[in-house]
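Close look at the chain arrangement
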Amino acid sequence: MTPTSGGAAATDRPADTAAPVVHGPRRPGVPVLEARRLTKHFPVSQFGPASRRQVVHAVEDISLALPRGTVTAVVGESGSGKSTLARLLTQLITPTSGELLLNGELVGSDGRSRREYTRQVHLVLQDPFSSLNSVHSVRYHLERPLKLHRRSGRGELTAKTLELLERVSLSPAADFIDKYPHELSGGQRQRVAIARGLAVEPKVLLADEPVSMLDVSIRLGVLNLLDELRSREQLAVLYVTHDIASARYLADTVVVMYAGEVVESGPAAQITDAPAHPYTQLLLNAAPDPGRTEPPVLRGRGSPPSLVNPPGGCRFHPRCPFAMAVCAESRPPAFSVAADQVAACWLHRPGDPEKNAPGPAADTAGDVPRAAEPEPGPAPAPSTNK
Amino acid sequence: MVTQREILEELMQLRERLGFAIIFITHDLSLLIELADSIAVMYAGRLVERAGATELFRSPRHPYSLGLLNSFPALHGERVRMEGIPGSPPSLTALPQGCAFHPRCAFALDRCRTDTPRLARPQREPAGRERLAACWLQDGRQSPPGPLAVRLNDDAGPGTGPASASASAPAPASASASASGDTTPGSAR
């Protein structure tokens, strides 16, 4: 349970040489966007001797493929690195290591390939109250990307803008085009933000908690809009959320993140009906469920660890009710647990005689060798990452 | 999510120990159904429905409650398309005439556009059930539409359902709760 230092963290990775497991929906053909072994370490301080410089291990070795016409949900708590992952995919921040492939081709770093990349990959932010500029009209917000990416002549700007508004179900579009953000409701603003994302005909939409700031009654409308964009326009959508129920509702594939790593991924309904990783089980038990008749039992309480000195081995092991000796020593690779479903958990090591995969509600803690008590001793410092 | 659940557990334990009552204000109806004994639903500044948590979940009487229940995807079962509620919450400075919910209501009657319904006992509610709804559909002049009508399977009185059993358990205190969407789209967040 001793946290490894920042530099040594990479030595306990057995999968380093093997081909990484690529998360995301399985579809034939080349995915629109693919991330290979993305890693992001943020420096904590730039001063002091190099040996003492610390880094936040925000995203660790994640490979993800987004095929066209699919929604991939990334689920995790605050500080899980899910937003950092979305920002890495927009190229707003540069990865420490790893690479991005657009339509199967390596993304270059020169201005031209960057422009091409931003044309194809767009981000929709969480808060439509701050992502739109209150001194500019809807028209300005939507014409801007059209002009910057020279997608249309001067004459067709208005027609294009109206068409965009219709595409996000803001109709009649003529009523909305000259409105200002304060004249719109939250749902309408988020639709404008999505329309802005669609202006340059992207192939990939990255939506970072797109409904969490909206009134509950209109969230479904925005989720259904993303669903339509997937089926009607064949967009590849990345849906970042902390709400596992909405991920199940919308996504083809759910990717569960904990402390900067993917702990489990697989088909959406399968993940929620038969979660294999103890952390996914914890998340599901903590989620509100009107159908529940008994108060849920949380196994693995606590908060995410500090990402400056993440726990060695499996990062969840200090909280895990099923932790074994091996969990503190080496990082579990992604084991296949069902069709298209993988879990990075030693409980699912194939051919392991001690394999005792806990069911979602099974009380098997007593049968599984444990290296740590369910209640973690020294509470890991809460992460500062939002 | 985990932190949220831990804080809720702490609250509920404190309630058991100290015997206070809780008014829980939230938009998260799926959470309330789990936690609360009774739920009051607010829309545009008014209470529109009041019922036991299980009763509200099983058979709402107000179209807004029905719409809210239809806004939270389930964690189990078949994945079905849900519609939420069309439109958006009204501005509190320019409330619609009559029932404030009528522009978003799929079941609106002519009367809903002019007269504001009072919070009252639904006319067809069987005796012994404490329910209130502010909706003209429940005034007894017409049969309420299927999802808002009294049904056989929700005819279980208090104390028979698994969750209502715990609601009527001899707990020293009860949790009341109020659910509503934000009704002020322009408010600062």
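See the structure above.
Reference entry: report on the structure contained in this document. (Residues numbered from 1 in each chain as written. Chains lettered and ligands numbered in written order. Predicted model: local features only at pLDDT ≥ 70, side-chain atom pairs only at ≥ 80, totals over all residues. Heavy atoms only, no water.)

1. Side note on the overall build of chain A
Condition: Helix and strand definitions here come from DSSP, where helices need a minimum of 4 consecutive H or I residues and strands a minimum of 2 consecutive E residues; each element is numbered from the N-terminal end. Throughout this description, buried means an accessible area under 20% of the type-specific maximum (1.4 Å probe, protein chains only), exposed means over 50%, and partly exposed covers the range between. In this description, accessible areas are obtained by the Shrake-Rupley approach with a 1.4 Å probe, and a residue is regarded as covered only by the protein chains that are shown.
Helices and strands together make up the secondary structure of chain A, namely eleven helices and twelve strands. The buried share among the 386 residues of chain A stands at 54%. Per element, the accessible surface of chain A, about 15,800 Å² overall, is 52% carbon and sulfur.

2. Observations regarding the pairing of strand β8 (residues 236-241) of chain A
All names here are of chain A. We apply this condition: In this analysis, strands are considered paired if DSSP registers two or more bridges between them.
Of all the six residues making up β8, six are buried; the element is thus mostly covered by neighbouring parts of the structure. Alternating positions in β8 separate into two faces, Ala236, Leu238 and Val240 on one and Val237, Tyr239 and Thr241 on the other, with burial throughout. The pairing of strand β3 (residues 70-75) with β8 spans six bridges and is classified as parallel. Across the sheet, valine 71 pairs through a bridge with valine 237, a residue of β8. Here five bridges tie strand β7 (residues 204-208) to β8, and the two strands are oriented parallel to one another. Each bridged residue has a counterpart across the sheet, and for valine 204 the counterpart in β8 is alanine 236.

3. Some points on the side chain of Lys82(A)
Residues and elements named next belong to chain A. As a reminder of what qualifies: Any N or O atom pair separated by 3.5 Å or less is treated as a polar contact, with the protein-specific requirement of one donor-capable and one acceptor-capable atom, and with residues adjacent in sequence counted only for side-chain atom pairs. Throughout, a contact is declared for two residues whenever any of their heavy atoms are within 4.5 Å.
By the element assignment, lysine 82 lies in helix α1 (residues 82-90). A distance of 3.2 Å separates the side chain of lysine 82 from the backbone oxygen of glycine 76, its partner in a polar contact. Not counting residues within four places of it along the chain, the set of residues in contact with lysine 82 comprises Val74, Val75, Gly76, Glu77, Glu209, Val240, Thr241, His242 and Met257.

4. Some points on the interface of chain B and chain A
Heads up, the rule is: Note on terms: buried area is the combined drop in 1.4 Å-probe accessible area of two parts once they are placed together, counting the loss on both. When a carboxyl oxygen of Asp or Glu lies within 4 Å of a side-chain nitrogen of Lys or Arg, that pair is called a salt bridge.
Facing 40 residues of chain B, the contacting portion of chain A comprises 44 residues. Across the chain B/chain A interface, buried area totals approximately 3,600 Å², and carbon plus sulfur atoms make up 57% of it. On the chain B side of the contact with chain A, Met1(B), Leu75(B) and Arg79(B) bury the most area, a combined 23% of that side's loss. At the boundary of chain B and chain A, one finds five salt bridges. Where chain B packs against chain A, one counts 18 residue pairs in polar contact (both at pLDDT 80 or more).

5. Let's talk about α1(A)
Residues and elements named next belong to chain A. Judged by how many residues are buried, α1 sits mostly within the fold: seven of nine residues are covered. For α1, the complete set of buried residues consists of Lys82, Thr84, Leu85, Ala86, Leu88, Leu89 and Thr90. Following α1 by one or two positions, glutamine 91 adopts a phi angle in the positive range, close to 65 degrees.

6. Some thoughts on the sheet that holds strand β4 (residues 97-102) of chain A
Residues and elements named next belong to chain A. Filter applied, for reference: Note on geometry: axes are lines fitted to C-alpha atoms, helical ones only across the stretch in contact, with angles between N-to-C directions running from 0 to 180 degrees.
Here four strands make up an open sheet; going across it, the order is β2-β1-β4-β5 and the pairing antiparallel. At either end of the open sheet lies a strand with only one pairing partner, and these are β2 (55-66) and β5 (105-106). With five bridges connecting them, strand β1 (residues 33-43) and β4 associate as antiparallel partners. The residue bridging glutamate 34 from the neighbouring strand is leucine 101, located in β4. Along the sheet, α1 makes contact with β1, β2 and β4, crossing β1 at roughly 115 degrees.

7. Points about unusual backbone geometry
Residues and elements named next belong to chain A. A positive phi is found at serine 169, a non-glycine position, where the angle reads about 60 degrees. In this fold, serine 169 is placed in the loop between α4 (157-167) and α5 (173-176). Among the residues examined, serine 169 registers a relative accessible area of 42% and is labelled partly exposed. A positive phi is found at glutamate 201, a non-glycine position, where the angle reads about 55 degrees. Turning to its location among the elements, glutamate 201 is positioned in the loop between α6 (186-198) and β7.

8. What to know about the nonpolar core
Rule in force here: Buried Ala, Val, Leu, Ile, Met, Phe, Trp, Tyr and Cys residues that are joined via side-chain atoms within 4.5 Å together make up what is termed a nonpolar core.
Counting 77 residues, the largest nonpolar core has Ile194(A), Leu205(A) and Val254(A) as the members making the most contacts within it. A per-element tally of this core places helix α7 (residues 216-233) of chain A first, with seven residues. Residues contacting Val254(A), with those up to four places away along its chain left out, are Ala73(A), Val75(A), Ala247(A), Glu264(A), Ser265(A), Gly266(A), Ala268(A) and Ile271(A). The next biggest cluster of nonpolar side chains, apart from the first, holds 30 residues, and it includes Met12(B), Ile33(B), Phe72(B) and Trp136(B).

9. Looking at the sheet that holds strand β10 (residues 261-267) of chain A
Residue and element names in this part refer to chain A. What the eight strands build is an open sheet, ordered β6-β7-β8-β3-β9-β10-β12-β11; its pairing is mixed. Each end of this open sheet is capped by a strand with a single partner; those strands are β6 (121-124) and β11 (335-338). Across the sheet, the mean angle separating the axes of adjacent strands is 25 degrees when strand polarity is ignored. Where α6 meets the sheet, its contacts fall on β6 and β7, and the angle it forms with β6 comes to roughly 170 degrees. Seen against the sheet, α7 touches β3, β7 and β8 and runs at an angle of roughly 155 degrees to β8.

10. Remarks on the side chain of His62(B)
Residues and elements named next belong to chain B. Mapped onto the elements, histidine 62 comes out in the loop between α3 (53-58) and α4 (63-69). A distance of 3.1 Å separates a polar side-chain atom of histidine 62 from the backbone oxygen of alanine 134. Setting aside anything within four residues of it in sequence, one finds histidine 62 in contact with Val48, Glu49, Phe101, Ala134, Cys135 and Leu148.

11. Focus on the environment of Gln190(A)
Residues and elements named next belong to chain A. Looking at the element boundaries, glutamine 190 is found in helix α6. Considering only alpha carbons, one finds glutamine 190 and proline 210, 20 residues apart in sequence, at a separation of 7.5 Å. Contact partners of glutamine 190, with chain neighbours within four places excluded, come to Val124, Leu125, Gln126, Pro128, Pro210, Leu214 and Val222.

12. Comments concerning the pairing of β6(A)
Residues and elements named next belong to chain A. Burial of the side chains of β6 extends over both faces: Val121 and Leu123 are buried on one face and His122 and Val124 on the other. Pairing analysis gives four bridges linking β6 to β7, with the strands arranged parallel. When the sheet's bridge partners are listed, valine 121 is paired in β7 with valine 204.

13. As for the state of the cysteines
The condition that has to hold: The disulfide criterion used throughout: a pair of cysteine sulfur atoms within 2.5 Å.
Enumeration over the complete set of coordinates arrives at zero disulfides over all chains. Summary of cysteine pairing: Cys327(A) is not part of a disulfide, and the nearest cysteine sulfur, belonging to Cys314(A), is at 6.1 Å. Its relative accessible area of 8% is what places Cys327(A) among the buried residues. There is no disulfide at Cys112(B), and the cysteine sulfur nearest it, in Cys99(B), is 6.0 Å away. Overall, the relative accessible area of 7% leaves Cys112(B) in the buried class.

Function cannot be read off these values alone, since they describe shape.
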